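A structural walkthrough
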Amino acid sequence: MVYKDKRYNIKRRDEIYIKLKELTESLQINKLNNEIGYDAKYIGNLLNISRSNTSRELNRLLRSGKVIKIKGKPVLYLDKIYFKEHYNFQITRSVYENRQDFINMLVKCGIAGKEALLNKESDINKHKNPKKTSNKFADSILDSIIGAKSSLKDQISKAKAAILYPPNGLHTLIIGPTGVGKSTFAEMMYKFAVQSKVFKEGSPFVVFNCADYAQNPQLLMSQLFGHAKGAFTGAEKEKRGLIEEADGGILFLDEIHRMPPEGQEMLFTLIDNGKYRRLGETDNVRSAKVLIIAATTENPHSALLHTFLRRIPMVIQLPSLDKRTLIERFLFIYQFFYEEYERLKVPIRLENDALKAIMLYDCPGNIGQLRSDIKLICAKAFLDYVIEEGEIVKISLSTLPQNVKEALLKIHNLRDEIIFKEIGNKGDILFSKNVSDIRDKSNISFLKSDYTADNDLYDFIMDNWKKFNNQGMSPEDIRENIESQIQSYYRNYLYPVEQDADAINRSVLFKFVDPYILNAAEYALSGIKDSFDGAITQKVIYLLSFHIKTLLERLKMGIVISHPDRESIAKSYKIAYEAAKEVKTRLEERLNVDIPEDEIAFLAMLLQALQYGRNNSRIGILVMAHGNSTASSIADVANRLLGTDFVKALDMPLEEKPEVTLEKAINMIKEIDQGKGVLMLVDMGLLRTFSDIITDKTGIKTRTIEMVSTPIVLEAARKALTPDMDLDKLVNEIISLHPLMNSDNYPDDIADDTGNLPIYERNLKRLLGQSLNFLNPDKVYQILKDVLNGILSEKNIRTEDDIWVKFLFHCSCMIERAIRREYLPNSDLDLIKNNPNGSFALLKKHFEAVENLFGIEIPDSEFAYVAEMIDTYIDTLSLRDLTHI
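Residues numbered from 1 in each chain as written. Predicted model: local features only at pLDDT ≥ 70, side-chain atom pairs only at ≥ 80, totals over all residues. Heavy atoms only, no water.

**Quick look at the overall build of the protein**
What the protein contains, in helices and strands, is 41 helices and 19 strands. By residue count, 51% of the 885 residues in the protein fall in the buried class. In the protein, the share of contacts with a sequence separation of at least 24, taken over all contacts with a separation of at least 6, comes to 73%. Just so you have it, the protein exposes about 42,800 Å², and 49% of that area is on carbon and sulfur atoms. (Helix = DSSP H or I, 4+ residues; strand = E, 2+ residues; numbered from the N terminus. Buried < 20%, exposed > 50% of the residue type's maximum accessible area, 1.4 Å probe, protein only. Contact = heavy atoms within 4.5 Å. Areas by Shrake-Rupley, 256 points an atom, 1.4 Å probe, with all protein chains shown as cover.)

**Describing the sheet that holds strand β2 (residues 76-79)**
Spatially, 3 strands are ordered β2-β1-β3 in an open sheet, and the strand pairing comes out mixed. For this open sheet the edge positions go to β2 and β3 (95-96), each flanked by a neighbour on one side alone. The pairing of strand β1 (residues 67-70) with β2 spans 4 bridges and is classified as antiparallel. Bridging across to β2, lysine 69 finds its partner in tyrosine 77. Here helix α3 (residues 51-63) sits on the sheet in contact with β1, β2 and β3, set at roughly 115° to β1. (Pairing = 2+ DSSP bridges. Axes fitted to C-alpha atoms, helices over the stretch in contact; angles between N-to-C directions.)

**A word on the side chain of lysine 69**
Topologically, lysine 69 is positioned in strand β1. Although buried, lysine 69 forms no salt bridge, and the nearest oppositely charged side chain, glutamate 97, lies 9.9 Å from it. A polar contact is formed between the side chain of lysine 69 and the side chain of asparagine 59, at a distance of 3.4 Å. The residues touching lysine 69, leaving out its near neighbours within four places in the chain, are Asn59, Leu62, Val75, Leu76, Tyr77, Ser94, Val95 and Tyr96. (Lys, Arg positive; Asp, Glu negative; His and termini not counted. Salt bridge = Lys/Arg side-chain N within 4 Å of Asp/Glu carboxyl O. Polar contact = N/O pair within 3.5 Å; in protein donor to acceptor, adjacent residues only side chain to side chain.)

**Some thoughts on the sheet that holds strand β14 (residues 393-395)**
Spatial ordering of the open sheet is given by β14-β13-β15, a layout of 3 strands whose pairing is mixed. Since the sheet does not close on itself, it has two edges, and those belong to β14 and β15 (429-431), each with one partner. With strand direction ignored, the average angle separating the axes of adjacent strands in the sheet is 20°.

**Section: the confidence of the model for the protein**
Looking at the protein, the pLDDT average stands at 76 and 74% of residues meet or exceed 70. Overall, residues 1-9 carries pLDDT values under 50, and its contacts beyond four positions in sequence, including any with other chains, amount to 2 contacts. A low-confidence stretch, residues 486-505 (pLDDT under 50), is modelled with 38 contacts involving residues beyond four sequence positions or located in other chains. (pLDDT = per-residue confidence, 0-100.)

**Topic: the nonpolar core**
General note: in soluble globular proteins, nonpolar side chains tend to be found buried as a group. Membership of the largest hydrophobic core comes to 41 residues, with the highest contact counts inside it found for Leu784, Phe807, Ile815, Leu843, Phe847 and Ile870. Within the residue set of this core, elements represented by two or more residues are α35 (759-771), α36 (777-794), α37 (801-820), α38 (829-833), α39 (840-846), α40 (848-854) and α41 (860-884). Ignoring anything within four residues of it in the chain, the contact list for leucine 784 reads Trp804, Phe807, Leu808, Cys811, Ser812, Ile815, Phe847 and Val850. In terms of nonpolar packing, the next biggest core, distinct from the first, is built from 39 residues, Tyr334, Leu350, Ala354 and Tyr361 among them. (Core = buried A, V, L, I, M, F, W, Y, C linked by side-chain atoms within 4.5 Å.)

**Quick look at the pairing of strand β16 (residues 620-626)**
Buried residues dominate β16, accounting for 7 of its 7 residues. As defined by bridge partners, β16 adjoins strand β18 (residues 678-682) across 5 bridges and the pair is classed as parallel. The partner of valine 623 across the bridge, within β18, is leucine 681. Two elements, β16 and strand β17 (residues 647-652), share 6 bridges in a ladder whose sense is parallel. Looking across to β17, one finds that alanine 625 is bridged to aspartate 651.

**What to know about the packing of aromatic side chains**
Scanning all chains against the criterion turns up 14 aromatic pairs. Judged by centre distance (5.3 Å) and plane angle (85°), the rings of tyrosine 781 and tryptophan 804 are edge-to-face. You can see tyrosine 781 sitting in helix α36 and its partner tryptophan 804 sitting in helix α37, a full 23 residues away along the chain. According to the relative accessible area criterion, tryptophan 804 is buried, its value standing at 4%. Each ring, one from phenylalanine 847 and one from phenylalanine 863, has its centre 5.5 Å from the other, and the planes form 65°; the classification is edge-to-face. Of the two residues, phenylalanine 847 is situated in the loop between α39 and α40 and phenylalanine 863 in helix α41; the sequence distance between them amounts to 16 residues. Judged by its relative accessible area of 0%, phenylalanine 847 falls in the buried class. Judged by its relative accessible area of 0%, phenylalanine 863 falls in the buried class. Positioned above the aromatic ring of phenylalanine 268 is the side chain of arginine 311, whose terminal nitrogen or guanidinium carbon lies 4.1 Å from the ring centre. Just above the ring of tyrosine 523 sits the side chain of arginine 586; from NZ or CZ to the centre is 4.1 Å. (Phe/Tyr/Trp six-rings, centres within 6.5 Å; stacked < 30°, edge-to-face > 60°. Lys NZ or Arg CZ within 6 Å of the ring centre and 35° of its normal.)

Structural data, given as C-alpha cells:
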C-alpha cells in the first residue's frame, strides 16, 4: 500500500509539471501582455488536485531545479527549463522577490523589451481583451491552420517567407509522408498569397499530379507546356498548357518524384527566367510568371535531380500525425466529424469513450487516413441510425473498429491522462447547427474536403461490412454472409438491365468518366473475360470505370482504405483473387499509377460475386424441437446475429401428435427449398426420422442432424450462406464440429485437422470477441482461465465448462468496466464478503495478476458478484455429487 502511495505521488508531480510546462509555453513572454506565472490553486483546478497538494509538489519541483518561483500573493510559478529550450538562455536563479524582479531579469537578458519595465497593471491584464498585433500577417489564413502555433510553427514561418520574398516569391518543395496534408498546405499558401496581396484576387491555383503521366514524358510535356498543331501524332490543333493557365498564380506539382528527369529539365528555363516553349514550337518563346510549389513523399536528394533541387530554395517538411500534439489531433477529429455532419445533415453525437479511442489509436496513414476512418465510422453509425429510425447518429465504442477500440487501453499513459482531463472528460460532443463556439475558441480553419466520391463500390461493400461488424460477427463470418448481399446487389443492379447495357451512350458516360479511364477498364477486364464465362458485360465495365475514377481520386488525396480480411479472401477465392491481381496489373500498366494491394481484395469480392450473381439459391435451414418456443427462440437468435431471416423454426408442443408435426414440416420444406435442399436440425425422438419421409413425399433433398443449440444453428446458417456450399458438404462440416457442441464428451485439447487451436477454444474466443468492446479476447481468455483454475484448485473443485463460460464472459466485461471506471454496485456486499466459507478473499488474491496486467483496480462490489457465482457453482456441484452417491 505504501508503494502505491509513493508511485501515485510521483505520478501526480509529473502531472503538475507537465501542466506548468504547457501553461508556460502558452505565454507570450517576450511581449508581456498577459499574466506572468501561475499559482497553485489555478494549476490544481485544471488537474482536479487540491491547492495544498499542488503547492507541495511545486515546491519539490523547485528544489529539483525545474521551476521558477515568484513571491507575492499569490505565489506564482513558471517552467524554468522552458527558457533554456526556447530562448537558449540559462536562468541561474530559481526564486524572485516579486513579479517586477523577474521582469527585470527578462529585460536584462533580452527576452523582453524595455517597455516591460513600466509593468502597468493594465498591461498585465491585456490578455483579457488583447489587441491585434501590428504585424499585418500575424493573423493570416496560414495562422488558422491546425498546429500553426505549435507543431507547424516553423513551417508556417517558412511558408510566409516563401510567398512574401521579393520580387516573385520562392519556389517551394513540401516534404512529408502520405496523408500529412501537403496538398492542403499548398492551397493555404496560395490563399495567403491572395490575402497578402502578393497575387490578385482570382489568381490561378493549378494542380498537376506528376504520377498521372510518369511513364509518358511527351504527354507530360504537352500537359504542362502545351503543344503546337502537328507536334505529334494526334495533335490536330494547338493546346494551352497548365503553365499558361497558371500564369500569375501558383502551379502545384504533386508527387514531383514521379516526374521523369526529362520533365524536371524542362522546368529549368521556366524557373530560371520565366520563359518556355510549347511542345513543337521552335521560334516562339513565351513568358509566364508562375510560382511553383511541389510535393513529394520521397527523399528529395535521391528522388530528384540535384540540378532541379538547387532551383527550389525553400523546403518545408510536414510532420506525421504521431508527431502532432493531442490537442491538434482533437481539432482534426472535430473538423472531420463536423464535415460528416454537414454531409449527412443529421446531428452526430460522439460519445466520450469513442473520442478517447480515436484520439489514441495508431493511424499510420496520417491525417488522410484519420479523415477516411472517421468517414467510415460515420457511415457505419448512419446505417444504424437508418435501421433503428433514430433521431441522431451515435458514435459509441461499439461503432469503432477493433483496432480503434483497443487504443483506449493507452489512456493510462501519463501524458494522455493530463490531456484528457482537459479534452476527454467534458462529456459527449454533439455536432449540429450550433458549433460556432468550439470553432471560434479554437480559431482554426475548418476546411472543406474536396473528396466527394461517396457513391462508389466501396460504399456498398464497406457499409454492409460495418453493419455486420456492429452485430459482433467475426471477419470470417461477415465475409461469408456478405457474399449473399453482394449477389443480391448484382442481381438487382446489373442483370435486370443487362439487355440495355450496350445501348448506354458512351458520350454521356464521358461526362462523368474520362475516356482514358474507360479504356483502362476495358483493357483490364479483357484479360480475364475467359475465366468468367460471359459475366464481364458492358455494364460491369462501366461500373468498374466509376470505381477506378473514385480510386484515383482517393490516391491523389493520400486516402488508402484497407480491406479488413484480405488474407482470408485470397485463400477462399483463389480464382477471383488471381484475376483481381491481373486486373490490378493491367490497370497500373495503362494508368501509370501504383494501386494499393488491398484493392485486390475488393476487386476479388466483386469478381467472385459475378460468378454467382445469377444463382442466388442456397440451402434451407429448418430448426425443429420439442416445446412451445424452443426452436423459434434459437432460430430468432441465429437470424439476429447473422442479419438474415432464412433460418426457419418449427416448434413441437409436447402434446402435439407426430403426424401433425410431420405435415407442418412438409409444408415448410416446400416453402424453404430453393433447389439446393434443406437441412433439418432436430432435438430428439421421431423428428430425426422425418428426413426420408419428407424426401419421398416431396422429392426435395433433405438431411437431418440430431443436435440443436444456438452455436450449431449459427454455424449451419453461416456456412449455408456460402455460395458454393452443397447439402452433403454442409452436413459433414457441421458433424466435424461435434467436439465444440458436446464439449462434456471431448477433452479441451482436441485440435482441428490443421493443427490450429482447439475448435472449442477458437470458437469460444470468437464469441468472446463479439461481446467485448476493446479487449483482446486471446489475452483475456488465457489469464482468466489461469485465475479460475487457481481458485478452484485451492478449493479442490474441478472446472467444468458451465462455470468456465460464465466466469469468462462476466469477468471480461468486468475488466472493461474497470478500465472505464464504471462499476456495478452490490447491495449484498457485506453478506458475501463476510461469508467464512465463501470465495471472496481467495478471489481477490488471484485477481491481483489481472489488476497488475491491465493497470486497474476492481472494487469489492464487483468481486462480490464473481464470488457469488463461484460459491453457487461449488454448492451445486457438491449437491450433484451427493445425489449420485
